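# Analysis of the macromolecular model
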Amino acid sequence: MKISLGNRFASLAAVSAIALLHASGVMAAPKAGAPIFNDRAAADAASLPAVAKPSSGVKGTLNAKALSASALDLTLADGQTITARLQRVARDDSKGVQSWIGTFDDAPGSSLILTKARGAVTGFANYKDQTFEILPSTAGKHVLFAVDSQRVPKGDDGMIKSSSGGGDVLTSSTTSTYGIGGTTLAVGSAVVQDLLVVYTATSATTWGQATLESMINSAVQSANQAYVNSGVNVTLNLVGLQQVALKESGSGMQATLSALKADSTIKSLRDKLAADMVVMVSQDSDWCGYASLNWMTFNGVTTWDAYAVNYSSCLSNNTLAHEVGHLQQLDHNRENGNGTSGKYPYSYGYRKCVTGGFMDIMSYSCSGAARILQFSTPNLTYNGYATGIAYETDPANAADAARSLNDTATLVASYKASNTTVAPSPTAPAAPSSLAARSMTASSVALGWVDNSSNESGFKVERSGDGVNFTEIASLGAAMVGYTDAAVTAKTTYYYRVRAFNSVGGSGYSNTLAVTTPAVPPPAPAAPASVAAANKADGSALVVWGDASTNETSFEVRRETWNAKRSTWGSLTVAGTVSANMTSLVDVTGNGTYRYTVRAVNAGGSSGLVGPAAVTVSGGITSTAKGRR
């Protein structure tokens, strides 16, 4: 596939500033979120999978509004409640897939991914040094549990690299023209790498097909959020997701990987979809993952075969992002790396094995450290520690996976070029236009735009607080022309822009829209204390009430008329409105019987109606019919 470059992030500095603010605790006290479960009880062992930590399970009814909430509360088995804030939404209505991606207030680098696919909702959470999963259970319930690290494979993963006909280009010692404080790939370049994920029948049976596909979508979105968090200008595009006939080898994951690479049906599917990388999810449990990258150069042309296998029970610990990282030519942290897996001398993961330390996605585990949803980079910090080492500062210990991912982005995106077996998409899509706010409240902004392309895979929505540094907040499917941002604050100015994308790359941006959210409306006023109506004997009624509120802006008086022929009240109308603190209204009605109700009103809404108070009005002018002389 071809790549078109364009600005997606204005500056890594903005990402760094956000991380520093979050880690230092400068932010204001956060508000509670919506509960993930509407009810909650301890989950029995029989309702939990084998990887669950004993006594860590909670069972409840999933909140139907969870995927539209701006924040979510997870109450754990020990009673602790942790709150995650929305960072980004991924939604493709044509595929019936929607993902909620957020991070926990008190744990920088943490993540919560909640996905609905085929009607099944699953979730992964990485919080400090713990991993949690949310899975469908029985009787319409879901379970939330902690993953027991002792019950998943200890040998984190394996990697095979081989070449033929052209030498090992990956062991080259050349570096990019990175320089100090920049990257080879223009910051913000939109590079789409196409991913095909297949799974075995055994995995589908173990979890249920819908649940497994939801888990896989969560794993892909977790990888995409790691790129966003790290300033990596890559998006994984899930071009295929399906069950295949290939089975687990019975001889371990490495043997299954060999069978995967040799499977002609899967290879044909890869070629048909022009997928750059292929991952198979299986029940091989001797490793969490195993990857293989093979390349062959003939007559100056290099072809690539990028395959990996993931154990399904390791999807929640970012194994898919890790194995794809190997296919993107990254090595582990130096202590566990083989020295040949990385493209550049800085293509390493990084970890700090101390209390309050961290492990990035490519690093092996160590005690005292939390797994963070990020690739190594010296441009960010975690608890005061730099999350990588710049090559220019310390070449022998350099660890800058984010830089490497940016440098190899176009290469990986061309592992498998589009071919004639599918209709090609020779150009990037046209840019959307006429971005506008359809409606706005203190807590949401509803956006709309015009779709000017016919070949987009979807749209990406970006938001900024200053009109310069933008962050992706939503990835949407094709033909979508609207999105509601429900993670905004009252009385705040935001800037939005939208672009279309496909496997060729990203379009230009729409116009930039600036909006300022209104203030939070006041609470609705209290209802009036009482209401009474009296006949003024001049064809009008005097309506009086007691003012029981302190924040009304007006009172609304309603009138109904008695229909003597039908013995019913009808003709409901607003007789009038009066300003705040007024407690009476004269209603000129003419003779008849009427009843009145009153309510207080302000910008936050209306009180309940008080009344009715009935009155018969007299003294009005009575018309008399006259005969003709």
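Residues numbered from 1 in each chain as written. Predicted model: local features only at pLDDT ≥ 70, side-chain atom pairs only at ≥ 80, totals over all residues. Heavy atoms only, no water.

### A few points about the side chain of Asn217
Convention followed: Numbering of helices and strands runs from the N terminus, with a helix taken as a DSSP run of H or I at least four residues long and a strand as a DSSP run of E at least two residues long. Exposure is judged per residue with a 1.4 Å probe applied to protein chains only, and the accessible area is read against the type maximum: over 50% gives exposed, under 20% gives buried, and values in between give partly exposed. Contact criterion: two residues are considered in contact whenever any of their non-hydrogen atoms come within 4.5 Å of each other.
Locating Asn217 in the fold gives a position in helix 3 (residues 209-230). Since its relative accessible area comes to 10%, Asn217 is described here as buried. Sequence-distant contacts of Asn217, defined by excluding residues within four places in its chain, comprise Val97, Thr115, Ala117, Leu238 and Leu241.

### Some thoughts on the pattern of salt bridges
Test applied: Here, a salt bridge means any side-chain nitrogen of Lys or Arg that lies within 4 Å of a carboxyl oxygen of Asp or Glu.
For the structure on display, the rule yields 19 salt bridges. With a closest N to O distance of 3.1 Å, Arg91 and Asp93 form a salt bridge. Judged by its relative accessible area of 25%, Arg91 falls in the partly exposed class. Look at the salt bridges and you will find they share partners, linking Arg270, Asp271, Asp305 and Lys416 into a network.

### Description of the pairing of strand 8 (residues 120-127)
Within a regular strand, the side chains alternate between the two sheet faces. Worth spelling out the cut-off: At least two DSSP bridges between two strands are required for those strands to pair.
In terms of residue burial, strand 8 counts as a mostly covered element, since 8 of its 8 residues are buried. Both faces of strand 8 are covered, namely the face carrying Ala120, Thr122, Phe124 and Asn126 and the face carrying Val121, Gly123, Ala125 and Tyr127. Both strand 7 (residues 111-117) and strand 8 contribute to a ladder of 7 bridges, which runs antiparallel. Counterpart to Ala117 in the pairing with strand 8 is Ala120. In textbook terms, the turn of a hairpin is the stretch between consecutive antiparallel strands, and for strand 7 and strand 8 this stretch comprises 2 residues, one of which, Arg118, has a positive phi near 55°. In this structure, strand 8 lies alongside strand 9 (residues 130-136), joined through 5 bridges in antiparallel fashion. Directly across from Tyr127, in strand 9, lies its bridge partner Gln130. In textbook terms, the turn of a hairpin is the stretch between consecutive antiparallel strands, and for strand 8 and strand 9 this stretch comprises 2 residues, one of which, Lys128, has a positive phi near 55°.

### Structural notes on the sheet that holds strand 18 (residues 357-359)
Spatial ordering of the open sheet is given by 17-18-19, a layout of 3 strands whose pairing is mixed. Two strands bound the open sheet, and with one partner strand each, they are strand 17 (351-352) and strand 19 (369-371). The pairing of strand 17 with strand 18 spans 2 bridges and is antiparallel. Within strand 18, the residue paired with Lys352 across the bridge is Phe358.

### Describing the packing of aromatic side chains
Applicable threshold: Aromatic pairing here means that ring centres of Phe, Tyr or Trp (its six-membered ring) are within 6.5 Å. Orientation follows from the plane angle: under 30 degrees is stacked, over 60 is edge-to-face, and everything else is tilted.
Applying the stated criterion to the full structure yields 13 aromatic pairs. Between Tyr350 and Phe358, the ring centres sit 6.0 Å apart and the planes meet at 50°, which makes this aromatic pair tilted. Per residue, the accessibility class of Tyr350 equals that of Phe358, and both read buried. Aromatic side chains Trp545 and Phe555 sit 5.6 Å apart centroid to centroid with 50° between the ring planes, which places their arrangement in the tilted category. You can see Trp545 sitting in strand 31 (residues 540-545) and its partner Phe555 sitting in strand 32 (residues 554-563), a full 10 residues away along the chain.

### Thoughts on the environment of Ile36
Mapped onto the elements of the fold, Ile36 is located in the loop between strand 1 (34-35) and strand 2 (41-42). Judged by its relative accessible area of 3%, Ile36 falls in the buried class. In sequence terms Ile36 and His142 are 106 residues apart; their C-alpha atoms lie 9.8 Å from each other. Setting aside its immediate chain neighbours within four residues, Ile36 contacts Thr61, Leu62, Asn63, Ala66, Leu72, Asp73, Leu74, Leu114 and Ile134.

### Description of the nonpolar core
The following threshold applies: Nine residue types can take part in a nonpolar core, namely buried Ala, Val, Leu, Ile, Met, Phe, Trp, Tyr and Cys, and a core is a set of them joined through side-chain atoms within 4.5 Å.
Of all hydrophobic cores here, the largest spans 72 residues; its most connected members are Leu195, Tyr227, Met277 and Phe375. Here this core takes 8 residues from helix 3, the largest share from any one element. Discounting residues that sit within four places of it in the chain, Phe375 has contacts with Ala226, Tyr227, Ser230, Ala321, Leu330, Asp360, Ile361, Met362, Ala401, Ala402 and Leu405.

### Here we look at the pairing of strand 32
Looking at chain direction, strand 32 and strand 33 (residues 568-579) are connected through 9 bridges and run antiparallel. If you follow Thr561 over to strand 33, its bridge partner there is Gly570. The loop that links strand 32 with its antiparallel partner strand 33 comprises 4 residues; one of these, Ser567, has a positive phi angle of about 55°. By the bridge criterion, 8 bridges tie strand 32 to strand 35 (residues 592-602) in an arrangement that is antiparallel. Counterpart to Arg558 in the pairing with strand 35 is Thr597.

### Quick look at the state of the cysteines
Put simply, the test is: Disulfide assignment relies on a single distance test, namely cysteine sulfur atoms paired within 2.5 Å.
Here the structure, examined in full by the defined rule, presents 2 disulfides. Shown here is the disulfide that connects Cys288 with Cys314, its sulfur atoms set 2.0 Å apart. On the S-S bond that ties Cys288 to Cys314, the torsion sits near -60°, and the link is left-handed. Of this pair, Cys288 sits in the loop between strand 14 (277-282) and strand 15 (289-298) while Cys314 sits in the loop between strand 16 (301-311) and helix 6 (319-327), placing them 26 residues apart in sequence. Accessibility classification places Cys288 together with Cys314 in one group, the buried group. Across the disulfide from Cys353 sits Cys366; the S-S distance is 2.1 Å. The S-S bond linking Cys353 to Cys366 shows a torsion near -100°; that makes this disulfide left-handed. Here Cys353 is found in the loop between strand 17 and strand 18, whereas its partner Cys366 is found in the loop between strand 18 and strand 19, with 13 residues between them in sequence. Residue classification places Cys366 among the buried positions, given a relative accessible area of 16%. Sequence-ordered numbering of the disulfide-bonded cysteines in the protein gives the connectivity 1-2, 3-4.

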